[in-house]
Amino acid sequence: MSQGRGRIWGGSGKHTHLLILAYLFLLALPCTGFLPDFWSRVLTLSWTSRTHQHITEQSILNVTLETLRGPEKHHGEEQTRLGRGFWRAVGEVVKSNAAMDFLNSTKSDPVYHFDAERMDGAIGMLRQFWAQTLLSVQAEEYQTARHSLGQLFHSLQDFYSHSNWVEMGQRFIYLHLLQPDEPAVPVATEDTPTCMECFSVTCRGNLLPRLLNPQHNSRLLTTGYFGTFPPKPHGKCSHGGILDSSRHTGAKGGINKDSTSPFFSPHHYLHMEAAMLATEATLSVLRDLRDTVGHNTFLRLFSVRQIPALVFVMDTTGSMFEEITAARLRAHSIIQSRASSPGQPGTFILVPFHDPGVGPVHKTNDPNQFMQHMENLMALGGGDEPEMCLSAIQLALTHSPPLSDIFVFTDASPKDAHLFDAVKALALEKQSKVTFLLTEDPSYTTDSRGMKGRRRRRKRSQKPLSPDRFSLYSSLSSLSGGLTIFTTNSDIHKVSTIVEDNIAADKVTLFHVESDQDLRSSHSFRVDSSVKNVTLHVTGTLTECILTSPSDQSQSLLLEQGPLAALEHFKGLYRISLLPPIQPGQWSLQAKGDGHLTFSVIGDSSVDFLYYFAAVSNETHPGLARLDGSPVAGVPAFLVLAVTGLAPDEEVSFSHVTLLGADGEHLQQVSSVPRLVPGHSTLVQFHVLNHGPARLFNLTADDDYGYLQKRGPHRLFVAEHGSFHGQVDLHTPDTAQTGATVSLTLTVRALNSPDSNYAVAYLTVIPPDPDTSPPSCSAAQVQSTCPSICNESRWSVSLAVSDRGRSGLAALQLQKGEGILTLFHSPPPTEDSQVEPGHDQREEHRDKVASGGSLHHHHHHISRLEKGDPPLNVTEWVVGSSQPLWARYTSSCCSAQAELLVWDTAGNMKRCHLTSGQQRQLTDRTTDTSSAGQITPSAGVFFLLGLLWSN
């Protein structure tokens, strides 16, 4: 990563550095929301355009830094400490956002893009996205939440680009989109003309005057029509641009502000104004989300400074005593070393298994609770040799964050080999590594296993055990970038140091390669100045190993000590640590082994990279559409690298990128994922595209909750370069827990061929009839005596807070303001009889805070709140959804504004703004966390699976 001539496109902002590499020859054809991503600016030659990607990334970054250290000025140094997990999480939001322009099920649907005056449907969809985001966050299903948040951002941002909101002269965001009790601007009816003819690429003044009427009550909202669906009525506005066929029908022209290019955006001259409002709206959603779920949960949602998860998959049959003990000691060591580490608490996951039992999944952020689960593990029982290992790994993958290292302790082969494709797909999709620590030699037979003593008796069998029975483990570790280590009971504790090596903070992989050659092989890896604590892991049996430094100094590691590295050898694993000071530059390793060898080099560095494959989209919107699955040989693709951990003013250059195993297949998920509703069925639709000759395929479906009606394999025939459309059915039981995320995996495998591909979708269980109404605030009494000398007077406002839905009030928090909010059972006393906010009141407030926010009766009031207090739980006091909560806010006139946050038990939030000395003393700022309509459980998700014939 230190030398080279690669061109870096800066479209993603200064916080990451991007490199785009053509995987195969590609023609960048011209094409036309805001533009989806940084590459869109290249395709449209509009270098200054603000894209969905730019708006989303910058907004998340700003609110995250604001959450960490307040709204004051940010420094680039803080960006470098956010961590690789943060940028991966942001990338998931960006991916989901941009996918709305690329997926077949969403790219041409006006409801997702505020097109064709489908305003009610678009607003309802927007509120559904918010409801699902909040539901997933509360269930700690953060990956699912990031997906729905990206969808929300796309639609929200499109409103400002596709409507005439900016042309009206509006300089504030349209609150009604997510806040149903805010005033709504009427939408032009279908028979109301909205645009005049425009015959040039720049369409100035083509909106009819009625839509721009300066009188607020006379204004009408409209959005442009795109293409032929739905057909544009005569006299309506088009989206416009060279890819919009509707621009040729009256009224000709268009109004979109997607870019600064007149060829794609007739109102390009208003692009920056639209982008500013879209950014402000995105920031507002993020702040509402943060204040609703809490700062710590918000930071966990984006994996801010998140230390790596510790994920153990443990065989608990009777022969595993030594392995369980080793894992337990290793976990304790890791927890002790992390005790004083900065950053968010780590995630700890334990999945036990045997035969036939699997699970339960123990997932916690509390290290003490995790150690208690480890202490409770018992090596008991047993039976035949195979066990349910892949089922346990599948559970670990579905519950662990992306980029995790998963460590599997077992001595048995898998009994559930049919799950291999599903587990492989999950590992690749999450870019997680799976490492196996096997206390069993793969060449052992029944007799030799029996000779290991009483510990192995439960595995005795009359049949010889296949030497290839662990091959699926080796394949899974190989494709995921992990290791498979065959060791012994006596060495398992020392070998388990690999766990500690790999999950330390800021751990990066410098090199990973496998070799089956019995002859000498040569490998090289580069260390730059940012890398510390370099460790090499070699699995297998070495007969020769020579390490050479950048200064051409050599050391035979098997024969001598120092000066370059120290070697530790355990059964099945060589651990090589470079000795400080580590020379920057290219290191080389010459090795010879007895059989299969795997080399992995890791180090500590804040600099790392993320990657994905993408293909150019040339249809309704321009940009690079990310590919789910593997790229297809023979199909043009890009490799996109995002370098993280650099300050904004640091530069990066590339020498080259080598793609290993580049003859994979291409799969593209093309849907917005449907929701699962308890007691209902959901159809999941998919397409299989065959890029090779006509042939038969097996399609297998799997989910981790058992909701699928038929899992397969389903046999299907696809013609040469043809496609197959199908669907699978999931039934969600009445007892399903809302907020849970179901991982659905589809795998296609060609018969009599190694060709295969996969798709993974995450489906959220939502309530069948969610509460969509936020609480309300209404002013009952306003008293204000604020003269010019503010510190001699005060102002107050009395208000009634109630829940308009059926959930009931949950909590209140004084977010802003220097005064005191007093809560009452009934309408508060008049100002004359109110207790002055003096010594007794302050003492009682401190008593309330010290008691954890409980409610007290004193002087007719039940509690008081000040800014900085945690949210006050009122569920025990407010019985029933219609009972109001009375409050009085009193403050010095030197602090003229306050903001009260109110939640109901469904998670809907209301922002109540209290203001002194204005005509309207109380204004609402509502965040409606649910949809405006019923969920359609039969909505479909589309998969596009591409299969390629390999020569």
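Quick look at the structure, then. Keep in mind that this is a model prediction, so the values were computed, not measured.

1. Here we look at the overall build of the chain
Along its length, the chain carries 17 helices and 38 strands. Counting every atom, the chain has about 38,000 Å² of accessible surface; 52% of that belongs to carbon and sulfur.

2. Some points on the nonpolar core
Ranked by internal contacts, the top residues of the largest apolar core, which has 58 residues, are F86, F159, Y160, W165, L177 and F302. The set of elements that each furnish at least two residues to this core consists of α2 (52–69), α4 (84–99), α5 (119–138), α6 (142–162), α7 (271–293) and α8 (295–301). Excluding residues within four positions of it along the chain, F302 makes contact with I60, G85, F86, A89, V93, L149 and L286. Counting residues in each nonpolar core, the second largest holds 30 residues, with C389, L395, Y473 and V760 among its members.

3. Examining the pattern of salt bridges
Per the stated rule, a full pass over the model turns up 22 salt bridges. Close ionic contact of E66 with R290 constitutes a salt bridge, the shortest N to O distance being 2.9 Å. Remark: R290 occurs in helix α7 and E66 occurs in helix α2; sequence separation between them is 224 residues. Note on E66: relative accessible area 15%, which makes it buried. With relative accessibility at 7%, the residue R290 sits in the buried group. In this structure, R749 and D421 form a salt bridge, with 2.3 Å as the shortest nitrogen-oxygen distance. Of the two residues, R749 sits in strand β26 (residues 741–750) while D421 sits in helix α12 (residues 420–430), which places them 328 residues apart along the sequence. Owing to a relative accessible area of 30%, R749 belongs among the partly exposed residues under this scheme. A cluster of three or more residues bridged by salt bridges with shared partners is formed by E66, R287, D288, R290, D291, E899 and R911.

4. Some remarks on the packing of aromatic side chains
Under the criterion given, the structure shown has 19 aromatic pairs. Note on F686 and F724: the rings are 6.3 Å apart at their centroids and 35° apart in plane angle, and the pair reads as tilted. In this pair, F686 sits in strand β22 (residues 681–690) while F724 sits in strand β25 (residues 723–731), placing the two residues 38 residues apart along the sequence. F724 sits in the partly exposed class, given a relative accessible area of 28%. Grouping aromatic residues by their ring pairs yields a cluster made of F114, F159, Y160, W165 and Y174. The aromatic ring of Y269 is capped on one face by R204, whose charged end is 4.0 Å from the ring centroid. Between the NZ or CZ atom of R626 and the centre of the ring of Y612, over which it lies, the distance is 3.7 Å.

Thresholds applied
- Residues numbered from 1 in each chain as written.
- Predicted model: local features only at pLDDT ≥ 70, side-chain atom pairs only at ≥ 80, totals over all residues.
- Heavy atoms only, no water.
- Helix = DSSP H or I, 4+ residues; strand = E, 2+ residues; numbered from the N terminus.
- Areas by Shrake-Rupley, 256 points an atom, 1.4 Å probe, with all protein chains shown as cover.
- Core = buried A, V, L, I, M, F, W, Y, C linked by side-chain atoms within 4.5 Å.
- Buried < 20%, exposed > 50% of the residue type's maximum accessible area, 1.4 Å probe, protein only.
- Contact = heavy atoms within 4.5 Å.
- Salt bridge = Lys/Arg side-chain N within 4 Å of Asp/Glu carboxyl O.
- Phe/Tyr/Trp six-rings, centres within 6.5 Å; stacked < 30°, edge-to-face > 60°.
- Lys NZ or Arg CZ within 6 Å of the ring centre and 35° of its normal.

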